[in-house]
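Structure assessment
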Amino acid sequence: MIPSIPQPKSFHALYGAYVTLFFIYLVLPLVVVAVFAFNDSMFPSLPWNGFTLDWFFNPDEPRLGLFHDGRLLRSIWTSFYIACWVTLLSIAVGISNAFLFERHDFPFKNMLYMLMLLPLVIPGVILGISILVFSSTIANWLENTFGIEATLLRPSTFLVILGQFSFIATICTLVISARLRKFDTALEEAAQSLGASQLVAVWTVTIPYLKPAIVGAAIVAFLMSFENFNTTLMLVGSDQPLTIAMYGRLREGSTPELNALSLLLMLLSGSLALLSVFVQRDKT
Amino acid sequence: MSLSLRSAVRLNLILLLIPVFLWLLLLIILPHIDMLLVSTQVKVRPRVYEFSFANYGEFFSEPLYWRTFARTAIMSIAATLLTLVIAFPVAYYIAKMLRGRMKSFLFLLCLVPFWVSELVRTFGWMILLRESGVFSNLFQWIGFADGPVEMLYNDATIMVGLIYTSMLFMVVPLVTILDSLDDSLVEAGYDLGGNAFTVLRTIIIPHAMPGIVSGCIVVFMLTLGNYLTPVLLGGKDSLWFTAQIYTQFITRFNWELGAAFGFLLLFLSSMIVWMGLKLSRQTLTETMG
């Protein structure tokens, strides 16, 4: 079953057909979503009524185009804002954790490492509700004892950021640690023996070396945050991020405007994906 | 090591420990402890709570709850196994039958669904499968069906969506591990008189075991915790346990019961992960890192 071992022609044909079918299965839903963004009809379904760009650019109801839909544009902004914070926090904690676990030895290190991995095996919905319960407990306590109204700790964008950060930080830690493990500490020592302080050495030698991993982790973190649904659903406040807004529209049934939005998202994540492949490539 | 250097290292260590402690304590450990506490409380009067396991009792006495739970678990296991069976030949094809550009291209193509939001993917399936959808029209056009066919809102559709969403997390570890299998081992198997089946059973699968296990664990967890796919593709009757948790928390505002449900789901997911690791004699650190 490897190329060097002859197999009957029919086997190859069948196997090839299976793999082709698999890839059709993989891309079909995405293609359909993209194509119907241009259908001149009120619903994202057949029949095909001709090509239109209304679902992107038409300024008024009922054929409101994406770029004139204030509510959707606002939710894109909310998602962007959340994703930026989550990325920033996760990268900062990820770098700190990488140095902690790769450079230091301390009691219970393995236990802490296991704990650090836990957020990946906890379902997102449960991460969401546990943070919701805990923050409400604190908020209630603050209100009852001090009379302080802690609106931040009620479902809000702030909680969404914390909820997403709670597991994306693990992913950033893993990506950055993997790169730091390959770093030759002699380079840092060389910088120090040339007169750099430890902090300067890390900043000018180690961090640049980590850059591909940091950028890669940042892209993954940004996308995971932007597309997160499960954790966000439980913590969302009055400002709806994009996934929540889209979910609402999907349930109501929507015009092909949603297809236009989806196509835009695919292009955005596709270009980010290409960027990350490009960045990871020069990791020699 | 001089004394000042040692204290510098110690200061470093403490500074690096602060973020990880804050993160894990405030966002993971304390919230789960609090959720456990809330799940063991029962409201006796408005604003008055008592310690009790009644919420867990309600789960076992109300058939809807434990049936939904069992159904979610069984369907997740089925989805995981199906994903494995479908993905394995594809991963093998990419890892062993292809070379060069085609290989990296198809591997990247497998990653595509990961980069696209789950909402968009599910939306695609809805357009394909609904009554006025692409497949329904196609079947009528070919003559398979006389009228519109509704293919949404049943278990098979939920399954298709779940497998689709999970595929990547199975293909990637499988391709990685199969790539590391030396071709000469397979050749040796044939030289010693093995056929395709025995080579697969005694050489390829044992070699791929770590990849199979980590793929299965990730897929199972993601499926069990999935919310969007069952709810959107299964409609009202999807009966997925995460949807039940959402109902208790957000719709009914019964946090105590919802927290108990959350713990049961967490327990099930941890048990299966733990069993998977034990069966394959691996550790969490190896599988995830």
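Here's the deal with the interface of chain A and chain B
Each partner contributes to the interface: chain A provides 85 residues, whereas chain B provides 88 residues. For the pair chain A and chain B, the two sides together bury roughly 7,800 Å², of which 81% comes from carbon and sulfur. At the junction of chain A with chain B, the criterion picks out zero salt bridges. For the side of chain A that touches chain B, the element with the most residues is helix α1 (residues 9–35) of chain A, which contributes 15 residues.

Description of the packing of helix α4 (residues 100–115) of chain B against helix α7 (residues 155–179) of chain B
Packed helices, taken two at a time, are described by their axes: the angle between them and the distance between them. Residue and element names in this part refer to chain B. Direction vectors running N to C along α4 and α7 enclose 150 degrees, while the axes themselves pass 7 Å from each other. Classified by the interaxial angle, the pair formed by α4 and α7 is roughly antiparallel. Taken as a pair, α4 and α7 cross one another with a handedness that is left-handed. Taking contact as the criterion, the partners of K103, F107, C110, L111, P113 and F114 in α4 are, on α7, Y164, L168, F169, V171, V172, V175 and D179.

Quick look at the packing of aromatic side chains
All names here are of chain A. Under the definition given, this model contains 30 aromatic pairs over all chains. Between W141 and F146, the ring centres sit 5.5 Å apart and the planes meet at 90 degrees, which makes this aromatic pair edge-to-face. We note that W141, like F146, is exposed. Taken together, a centroid distance of 5.0 Å and an interplanar angle of 55 degrees make the contact between F183 and Y209 tilted.

Section: the pairing of strand β2 (residues 48–51) of chain B
Residues and elements named next belong to chain B. Note that strand β1 (residues 41–45) and β2 share four bridges and pair antiparallel. Note on β2: the bridge partner recorded for R45 is V48. If you look at the hairpin formed by β1 and β2, you'll find two residues sitting between the two strands, and R47 has a positive phi there, around 70 degrees.

Some remarks on the packing of helix α5 (residues 118–129) of chain B against helix α6 (residues 134–142) of chain B
All names here are of chain B. Contact geometry for α5 and α6: axes closest at 4 Å, N-to-C directions at 25 degrees. One element, α5, and the other, α6, form an angle in the roughly parallel class. Residues I127, L128 and L129 of α5 form the contact with α6, whose participating residues are V134, F135 and S136. Considering only residue class, the contact of α5 with α6 consists of five nonpolar, one polar and no charged.

Some words on the confidence of the model for chain B
Averaged over every residue, the pLDDT of chain B is 83; the share at 70 or more is 96%. The secondary structure element of chain B with the lowest average pLDDT is helix α13 (residues 284–288) of chain B, at 63, and the one with the highest is helix α3 (residues 63–97) of chain B, at 89.

Topic: the pattern of salt bridges
Under the counting rule described, the total for this entry stands at seven salt bridges over all chains. Put simply, R103 of chain A and E188 of chain A hold a salt bridge, and the shortest N to O gap is 3.1 Å. Residue R103 of chain A is found in helix α3 (residues 70–103), and its partner E188 of chain A is found in helix α7 (residues 185–193); the two are separated by 85 residues along the sequence. Residue classification places R103 of chain A among the partly exposed residues on the basis of a relative accessible area of 29%. Of the charged contacts, one joins R71 of chain B and D155 of chain B as a salt bridge, the two residues approaching to 3.0 Å between their closest N and O atoms. Taken as a pair, R71 of chain B in helix α3 and D155 of chain B in helix α7 lie far apart in primary sequence, 84 residues in all. Judged by its relative accessible area of 18%, R71 of chain B is buried.

Some thoughts on the domain arrangement of chain B
Residues and elements named next belong to chain B. The domain architecture assigned to chain B consists of domain 1 (1–39) and domain 2 (56–288). Computed from C-alpha coordinates alone, the two centres of domain 1 and domain 2 are separated by 35 Å. Tallying the contact residues gives five residues for domain 1 and eight residues for domain 2. Carbon and sulfur atoms make up 78% of the area that domain 1 and domain 2 hide from each other, which totals about 550 Å². Along the contact surface separating domain 1 from domain 2 lie one residue pair in polar contact (both at pLDDT 80 or more).

Concerning the nonpolar core
Ranked by size, the top nonpolar core spans 167 residues in total, and within it F23 and L100 of chain A together with W23 and L178 of chain B carry the most contacts. Broken down by element, this core gets its largest block of residues, 15 residues, from α3 of chain B. There are two domains that each give this core at least three residues, and those are domain 1 (1–39) and domain 2 (56–288) of chain B. Among all residues touching W23 of chain B, those that are not within four sequence positions of it are V93, N97, M116, P119, F165, S166, A169 and T170 of chain A together with I28 of chain B.

Here's the deal with the side chain of T232 of chain A
Checked against the element boundaries, T232 of chain A lands in helix α9 (residues 230–235). Note on T232 of chain A: relative accessible area 1%, which makes it buried.

Reading guide: rules and limits
Residues numbered from 1 in each chain as written. Chains lettered and ligands numbered in written order. Predicted model: local features only at pLDDT ≥ 70, side-chain atom pairs only at ≥ 80, totals over all residues. Heavy atoms only, no water. Contact = heavy atoms within 4.5 Å. Buried area = accessible area lost by both parts, 1.4 Å probe. Salt bridge = Lys/Arg side-chain N within 4 Å of Asp/Glu carboxyl O. Helix = DSSP H or I, 4+ residues; strand = E, 2+ residues; numbered from the N terminus. Axes fitted to C-alpha atoms, helices over the stretch in contact; angles between N-to-C directions. Parallel < 35°, antiparallel > 145°, perpendicular 65-115°, else oblique. Left-handed = near helix turned anticlockwise from the far one by under 90°. Phe/Tyr/Trp six-rings, centres within 6.5 Å; stacked < 30°, edge-to-face > 60°. Buried < 20%, exposed > 50% of the residue type's maximum accessible area, 1.4 Å probe, protein only. Pairing = 2+ DSSP bridges. Nonpolar A, V, L, I, M, F, W, Y, C, P; charged D, E, K, R; others polar. pLDDT = per-residue confidence, 0-100. Domains from an automatic or database assignment. Polar contact = N/O pair within 3.5 Å; in protein donor to acceptor, adjacent residues only side chain to side chain. Core = buried A, V, L, I, M, F, W, Y, C linked by side-chain atoms within 4.5 Å.

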